[in-house]
Amino acid sequence: MADKVLEQLRIQLKDGLTEAVIKNLLDDLQDKKVLGNEEIEEIVQKTKTRADQARDLIDGVRRKGRKASEIMLTCLKDRDNYLYKNLNIDHLAIPERGATSSPPTPQSTTDKQNDMIYGDEVYNMDSYPRGLCVIINNEKFADRKERKGSQKDVDSLKALFDFLGFLVEVETDKTADEIRALMAKYSNDGPHGDCFVCCVLSHGDETGVVGFDGQICPLNDITSPFDGVNCPALIGKPKVFFIQACRGCEMQSKVVADGAGPSRNQKSGKVYSIAKDSDFLIALSTVEGYMSIRDPSSGSWFIQSLCEHLKKGSEQGQDILRILTNVNNDVSRKEGKIKINKDTVDAKMTPQPKFTLRKLLILKPPKAVPRVLYQGTSEGSLWEGKSVAKNGAQ
């Protein structure tokens, strides 16, 4: 029966299996003696696309029969439970006697529940790609220390927003004026789907973030190009900014806690207005006046926690403010030591989200990645959920 399920869901699985899941499945199937070394080498040839690898994996296991197919489905459940549940595989694998298997429903149970409970209170998040995620990584500077470990944050953010269905572009070591120019460019030319995300990783102070040239780019210069006046394409849509930068030279104090204490797609026909600064979320890595902590070997506390909780929370259908609350809790509990001048002090911090969101923002990952023509790539090319790196980034 399992081999029939693989045959029935062949297209959905081909579109839904990510590169990371394919690699994990191949490791699992090799360990369980389903596939041999030569078969795996044939599947993962460098000339093959992700879709080709997925197709060859599915077909190769299906041809080995029911038992091999059962093992693959069991491994898939462990490796990508979201895709497994969304394709309703448990139901398909054990049909009622005399019943025929129905195709998987287009929405997961979580999506349906959110629709019924929240309705118009949730931002639409159905476009492919979801939108653009811009990562500005200022790692090296003309007049100050290199931000070692920042590439770890870039890698984590790229993997996260690729998983969430965004087109990812990375910009590296930009001056303050170049950051302003990039914001103007992306507000006018970006692939504006249902959401815009910008991650800025740099040094900073109370007034803004530091450019490669040592000049300050105020936070308002980063966010204002995307307001309702300057970016009509994003009116009514969420604009999300994650800022990893110090906001001062002080270290936060350490204290002891005792442990107390209608459908959104349906148009009503009504015309209404909103304030131009609506629908923003700005998540700052620390509160004003204080340092933001980054580990040279593993990345910053805030970005690493954000990526972990946002991936897990989005799979569970959590809204982003709940996720950021979990990030605040996680980061504020972290312990460390840091040298300030010649003194070693306790390293503590807590992030600070600010928002003018009008609805719940749930960054649900796409159920399957379609081949969508994306206007911003080279003429005639297709976007298949792959990250796009620019200007020296990976």
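Preceding this section is the structure that the text describes.
This report concerns the structure included in the present document.

Rules used in this analysis
- Within every chain, residues take consecutive numbers counted from 1 along the sequence as written.
- Only residues with pLDDT of at least 70 are given local features in this predicted model, and only at 80 or more are side-chain atom pairs given and counted; all residues enter the totals for whole chains, interfaces and linings.
- Derived side-chain values reflect all non-hydrogen atoms in the structure, with water molecules and hydrogen atoms excluded from consideration.
- Note on pairing: two strands pair once DSSP finds at least 2 bridges between them.
- Secondary structure elements follow DSSP: runs of H or I of four or more residues count as helices, runs of E of two or more count as strands, with numbering from the N terminus.
- A carboxyl oxygen of Asp or Glu within 4 Å of a side-chain nitrogen of Lys or Arg is what we treat as a salt bridge.
- To estimate the expected span of a helix, count its residues, drop one, and scale the result by 1.5 Å.
- The cut-offs for exposure are 20% and 50% of the maximum accessible area for each residue type, with area from a 1.4 Å probe on protein chains only; residues under the lower value are buried, those over the upper are exposed, and the others partly exposed.
- To obtain each axis, a line is fitted to C-alpha atoms, and for helices this fit is confined to the stretch in contact; angles are then taken between N-to-C directions over 0 to 180 degrees.
- Contacts: residue pairs with any heavy atoms within 4.5 Å of one another.
- Centre distance within 6.5 Å is the pairing criterion for rings of Phe, Tyr and Trp, where only the six-membered ring of Trp is used; planes under 30 degrees apart are then read as stacked, over 60 as edge-to-face, and the remainder as tilted.
- Here, a charge over a ring means that NZ of Lys or CZ of Arg falls within 6 Å of the ring centre while also lying within 35 degrees of the ring normal.

## Considering the sheet that holds strand E5 (residues 208-210)
Strands sit in the order E4-E5-E6 across an open sheet of three strands; the sheet is antiparallel. Each of the sheet's edge strands pairs with one partner strand only, and the pair in question is strand E4 (204-205) and strand E6 (216-218). Bridge analysis of E5 against E6 gives three bridges, and the strand direction is antiparallel. Pairing of Gly 208 across the sheet is with Pro 218, part of E6.

## Things to note about the pattern of salt bridges
Counted under the stated rule, the structure contains 19 salt bridges. With its nearest N and O atoms 3.1 Å apart, the salt bridge here joins Asp 126 to Lys 364. Through salt bridges with shared partners, one network takes in Arg 10, Asp 59 and Arg 62.

## Here we look at helix H6 (residues 66-79)
Compared with the 20 Å implied by 1.5 Å per residue over 14 residues, the 20 Å span of H6 between its first and last C-alpha is a close match. Taken as a whole, H6 has its buried residues at Ala 68, Ser 69, Ile 71, Met 72, Leu 73, Cys 75 and Leu 76.

## Looking at the sheet that holds strand E1 (residues 131-137)
Taken in spatial order, the six strands line up as E2-E1-E3-E7-E8-E13 in an open sheet, and their pairing is mixed. Edge strands, defined here as strands with exactly one partner in the open sheet, are strand E2 (167-172) and strand E13 (352-355). Averaged over all neighbouring strand pairs, the angle between strand axes comes to 10°, with direction disregarded. With six bridges connecting them, strand E3 (residues 195-201) and strand E7 (residues 239-244) associate as parallel partners. Each residue of the ladder has a partner; that of Leu 201, found in E7, is Gln 244. Against the sheet, helix H13 (residues 301-315) touches E3, E7 and strand E8 (280-284), its axis set at about 140° to E7.

## Focus: the packing of aromatic side chains
Taken as a whole and assessed by the stated rule, the structure comprises six aromatic pairs. Ring plane angle 15° and centroid distance 6.0 Å describe the contact between Phe 241 and Phe 280, whose orientation is recorded as stacked. Three or more aromatic residues link up through ring pairs in this structure, and these residues are Phe 196, Phe 226, Phe 241 and Phe 280. The ring of Tyr 128 is capped by Arg 130, whose NZ or CZ atom sits 5.1 Å from the centre of that ring. Lys 239 extends its terminal NZ or CZ atom over the ring of Phe 280, reaching a point 5.2 Å from the ring centre.

## Some points on the environment of Leu 363
Within the secondary structure, Leu 363 sits in the loop between E13 and strand E14 (372-373). Measuring from C-alpha to C-alpha, the distance between Leu 363 and Gly 313 comes to 8.9 Å, with 50 residues separating the pair along the chain. If we ignore the near neighbours within four places in the chain, the residues touching Leu 363 are Met 125, Leu 164, Phe 166, Cys 195, Leu 310, Ser 314 and Ile 320.

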